[in-house]
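Observations on the three-dimensional arrangement
This is what each chain is made of:
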2 protein chains.
Amino acid sequence: MEINIAIFEDNKLIREALQTIINGTPGFRCTGAFANVNQVLADVEFSRPDVVLMDIEMPGRNGIDATKLITDNVPTVKVLIQTVFNDNDKIFKALCAGASGYILKSDSPLKMLQALEDVYKGGAAMSPSIAQKVMQFFVRQNVILVQPEETDFDLSTREKEILALMMEGCNYRDIADKAFISYETVRTHIKHIYKKLHVASRSEAILKARQQGIA
Amino acid sequence: MEINIAIFEDNKLIREALQTIINGTPGFRCTGAFANVNQVLADVEFSRPDVVLMDIEMPGRNGIDATKLITDNVPTVKVLIQTVFNDNDKIFKALCAGASGYILKSDSPLKMLQALEDVYKGGAAMSPSIAQKVMQFFVRQNVILVQPEETDFDLSTREKEILALMMEGCNYRDIADKAFISYETVRTHIKHIYKKLHVASRSEAILKARQQGIA
DNA sequence: GGGAAAATACCGCAATGGGGGATTTTAAGG
DNA sequence: CCTTAAAATCCCCCATTGCGGTATTTTCCC
């Protein structure tokens, strides 16, 4: 089975070079090569790639926004960012936008193919210098990570279940039905959850739960 | 110039295998192999490695603490963590401890050597599945938020004022008084704001406003 | 067996969110 | 000048949510 790749790259020479490399490698196939991301969703829809190789610097709409559009709307498609620069801001924005990897154009074609394969397999890929910046980020953020006040919120099993249902978008009534308890009991549980999480609304609770990895 | 490696690994078989691989590869040399990290600083001092290959699971003192000791006291020495597990907690702790890389024991010797070289050159190395967890961390934590659609939400001047008051913690009544408009008008404005921001509650709106730097 | 914590359940009230409709003011352009 | 669109203003209705109580039963640990 071949890995289908779609390329977004404004430079014609590079675009065609990438296409040639990919199509010339057994196991890879380029199903689309586009010079901009103005119709990125339609392009992805059309070329049905497994992995998108995305240039981050492009005239007009930029690659990070396009990445977010793809991961939001077609989450099964992985995005591998390719760039000439490696400044922190772009890296972190790309990662937050849901990219599965971030490599440099200066990397060898072999490494690029390896990265495409890693990403296709569900992993992630980073050039060493990129990974290093990510590492540094963790070291710097150390304080925040190591002492997040209380990571244990003492939620009971039942409360975690209710919280999980809340995170699925259920309202009180839905939760009551799914948990086989009364509407009022749901309200009670949720009140307790809010107290324990020190929040005051559904959305805050869900945010905190996601950040802390509860439930 | 050869890259000098020190190994910390409690399993004798693995330790010697690693030693053999490293010494059998041109450009690499094993200058020390230790079964525990009880005298890690002395061992590092003695073997003068460029890169330490550190097993994270060891009886007695663990690899993460040892990593922190090394990076704190001998910052020129890089540490590459090697582990059988890839659970989130250990990864992030290791990264925070200053590790330069994190690879799995299931990776091939070739990849390990590549990782050692990447780390030696000042980059960092991660197995794809590790990198993937790091990526997820960024997405989940909303470290930096990227909004593709439009960073400008077309909020009118008045709506931004109302939003600012909301962010100060005012309720409908307070906002009405401070903005010299009626309670109902405040509600109308806020409804419009929610629509434009694509959110459905006060807390989400405030979160988004903060992240996007609106108002 | 007794006590603490959890799970269950109910009531009432205030605040919030979402739907609709409506008027006036302002801005912009033909 | 007039038309039109957007912004700003106001009102009503209703469901959901958050928060304050209270209370009973179940579960679990000492």
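All values derive from a computational prediction rather than experimental measurement.

Section: the nonpolar core
Of all hydrophobic cores here, the largest spans 62 residues; its most connected members are Phe-8, Val-52 and Met-54 of chain A together with Phe-8, Val-52 and Met-54 of chain B. The greatest single-element share of this core, amounting to five residues, is contributed by helix H6 (residues 128-141) of chain B. Apart from the residues lying within four places of it in its own chain, the contact partners of Phe-8 of chain B are Phe-34, Asn-36, Val-37, Val-40, Asp-43, Val-44, Val-52, Leu-53, Met-54, Asp-55 and Met-58 of chain B.

Observations regarding the protein's contact with DNA strand D
Residues in close proximity to DNA strand D total 19 residues, the closest being Arg-187, Lys-191 and Arg-202 of chain A together with Ser-156 and Ser-182 of chain B. Near the protein, meaning within 4 Å, the atoms of DNA strand D are sugar or phosphate in a fraction of 55%, with bases accounting for the rest. For DNA strand D, a phosphate oxygen lies 3.0 Å from a polar atom in the side chain of Tyr-172 of chain A. One nitrogen or oxygen atom from the side chain of Lys-191 of chain A is found 2.4 Å from a base oxygen belonging to DNA strand D. Within the residue set of the surface near DNA strand D, elements represented by two or more residues are helix H10 (183-197) of chain A together with helix H9 (183-197) of chain B. Along the lines of polarity and charge, the residues of the surface near DNA strand D split into five nonpolar, seven polar and seven charged.

Considerations on the packing of aromatic side chains
Residues and elements named next belong to chain A. Per the counting criterion, the structure on display carries four aromatic pairs over all chains. Centre to centre, the rings of Phe-8 and Phe-34 are 5.0 Å apart; their planes meet at 25°, and the pair counts as stacked. One end of the pair, Phe-8, is in strand E1 (residues 3-8); the other, Phe-34, is in strand E2 (residues 28-34), and 26 residues separate them in sequence. Taken as a pair, Phe-8 and Phe-34 share a single burial class, namely buried.

Considerations on unusual backbone geometry
Positive phi, normally seen in glycine, also occurs at Phe-180 of chain A, with a value near 55°. Relative to the elements of secondary structure, Phe-180 of chain A occurs in the loop between helix H9 (172-179) and H10. Residue Arg-48 of chain B is not a glycine yet carries a positive backbone phi of 45°. Within the secondary structure layout, Arg-48 of chain B lies in the loop between helix H2 (40-47) and strand E3 (51-55). Residue Arg-48 of chain B is classed as exposed on the basis of its relative accessible area, which comes to 61%.

Notes on the packing of helix H1 (residues 12-23) of chain A against helix H5 (residues 109-120) of chain A
Residues and elements named next belong to chain A. At their nearest, the axes of H1 and H5 sit 11 Å apart, and the two run at 70° to each other. Considering their axes alone, H1 and H5 lie roughly perpendicular with respect to each other. At the point where H1 passes H5, the crossing takes the right-handed sense. Touching Leu-18, Ile-21 and Ile-22 of H1 are Pro-109, Met-112, Leu-113 and Leu-116, all from H5. Residues belonging to the contact of H1 with H5 are distributed by class as follows: seven nonpolar, no polar and no charged.

A closer look at the confidence of the model for chain A
Residues with a pLDDT of 70 or more make up 90% of chain A, whose mean pLDDT is 83. Low pLDDT (under 50) marks residues 141-150 of chain A, which in the prediction has six contacts with non-local residues, meaning those over four places away or in another chain.

Digging into the sheet that holds E2 of chain A
All names here are of chain A. If you walk across this open sheet you meet the six strands as E2-E1-E3-E4-E5-E6, and the pairing is parallel. Where the open sheet ends on each side, the last strands, each with one partner, are E2 and strand E6 (125-126). Pairing between strand E3 (residues 51-55) and strand E4 (residues 78-83): five bridges, direction parallel. Note on E4: the bridge partner recorded for Leu-53 is Leu-80. The strands touched by H1 are E1, E2, E3 and E4; relative to E2, the strand with the most contacts, the crossing angle is about 160°.

Here's the deal with the protein's contact with DNA strand C
With respect to spatial proximity, 19 residues lie near DNA strand C, and among them Ser-156 and Arg-187 of chain A together with Arg-187, Lys-191 and Arg-202 of chain B are the closest. Within 4 Å of the protein, the contacting atoms of DNA strand C are drawn from sugar and phosphate to the extent of 49%. Between DNA strand C and the protein, one listed contact pairs a phosphate oxygen with a backbone N or O atom of Ser-182 of chain A at 2.5 Å. Between DNA strand C and Lys-191 of chain B there is a distance of 2.5 Å, counted from a base oxygen to a side-chain nitrogen or oxygen. Listed by contribution, the elements that provide at least two residues to the surface near DNA strand C are helix H8 (157-167) and H10 of chain A together with H9 of chain B. When residues in the surface near DNA strand C are grouped by element, the largest group, five residues, is from H10 of chain A. Each residue belonging to the surface near DNA strand C can be placed in one class, and the counts come to five nonpolar, eight polar and six charged.

Here we look at H5 of chain A
Residue and element names in this part refer to chain A. For H5, spanning twelve residues, the distance from its first C-alpha to its last is 16 Å, which sits close to the expected 16 Å at 1.5 Å a residue. Restricting attention to buried positions, one finds in H5 the residues Met-112, Leu-113, Ala-115, Leu-116, Asp-118 and Val-119. A positive phi of about 100° marks Gly-122, the residue just after H5.

With respect to the pairing of strand E5 (residues 101-104) of chain A
Residue and element names in this part refer to chain A. Here E5 shows two buried faces, one formed by Gly-101 and Ile-103 and the other by Tyr-102 and Leu-104. Relative to E5, E4 is paired through four bridges, and the arrangement is parallel. Counterpart to Leu-80 in the pairing with E5 is Gly-101. In this fold, E4 hands off to helix H4 (residues 88-96), which returns the chain to E5; that crossover is right-handed.

What counts, and at which threshold
Residues numbered from 1 in each chain as written. Chains lettered and ligands numbered in written order. Predicted model: local features only at pLDDT ≥ 70, side-chain atom pairs only at ≥ 80, totals over all residues. Heavy atoms only, no water. Core = buried A, V, L, I, M, F, W, Y, C linked by side-chain atoms within 4.5 Å. Buried < 20%, exposed > 50% of the residue type's maximum accessible area, 1.4 Å probe, protein only. Helix = DSSP H or I, 4+ residues; strand = E, 2+ residues; numbered from the N terminus. Contact = heavy atoms within 4.5 Å. Near = heavy atom within 4 Å. Polar contact = N/O pair within 3.5 Å; in protein donor to acceptor, adjacent residues only side chain to side chain. Nonpolar A, V, L, I, M, F, W, Y, C, P; charged D, E, K, R; others polar. Phe/Tyr/Trp six-rings, centres within 6.5 Å; stacked < 30°, edge-to-face > 60°. Axes fitted to C-alpha atoms, helices over the stretch in contact; angles between N-to-C directions. Parallel < 35°, antiparallel > 145°, perpendicular 65-115°, else oblique. Left-handed = near helix turned anticlockwise from the far one by under 90°. pLDDT = per-residue confidence, 0-100. Pairing = 2+ DSSP bridges. Expected span 1.5 Å × (residues − 1). Right-handed = clockwise from strand over helix to strand, strands pointing away.

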